[in-house]
Amino acid sequence: MEVKNVSIPIDIIIELLKKLSEEAKQEVFEKVFLEEDTSPLTIEEKYVIEKSEIELKNGETIAWPFGK
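Residues numbered from 1 in each chain as written. Predicted model: local features only at pLDDT ≥ 70, side-chain atom pairs only at ≥ 80, totals over all residues. Heavy atoms only, no water.

(A) Focus on the pattern of salt bridges. This structure, assessed with the given rule, holds 4 salt bridges. Note that E22 is salt-bridged to K25, the shortest N-O span being 3.5 Å. In this pair, E22 and K25 both sit in helix α2 (residues 22-33), 3 residues apart, roughly one turn of the helix. Judged by its relative accessible area of 56%, E22 falls in the exposed class. K31 serves as the salt-bridge partner of E27, at 3.1 Å between the closest nitrogen and oxygen. Placement of the pair is E27 and K31 together in helix α2, with a separation of 4 residues, close to one helical turn. When its relative accessible area of 43% is taken as the criterion, E27 is described as partly exposed. (Salt bridge = Lys/Arg side-chain N within 4 Å of Asp/Glu carboxyl O. Helix = DSSP H or I, 4+ residues; strand = E, 2+ residues; numbered from the N terminus. Buried < 20%, exposed > 50% of the residue type's maximum accessible area, 1.4 Å probe, protein only.)

Rendered as structure tokens:
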């Protein structure tokens, strides 16, 4: 696929985003900022996940103030 570049002032992009519904904003966010990684976890990543699960089970985590 051919790549094309377009110059748009940031203020126009911000105004466009403000006018979108929450669902549309979420879709834009997911497509622009989230990357899917299907590679296997490293040993270090597995360790961090296991440690985090133990901390959660023991009540050693803090509440995330967003998304409530």
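Picking up where we left off.
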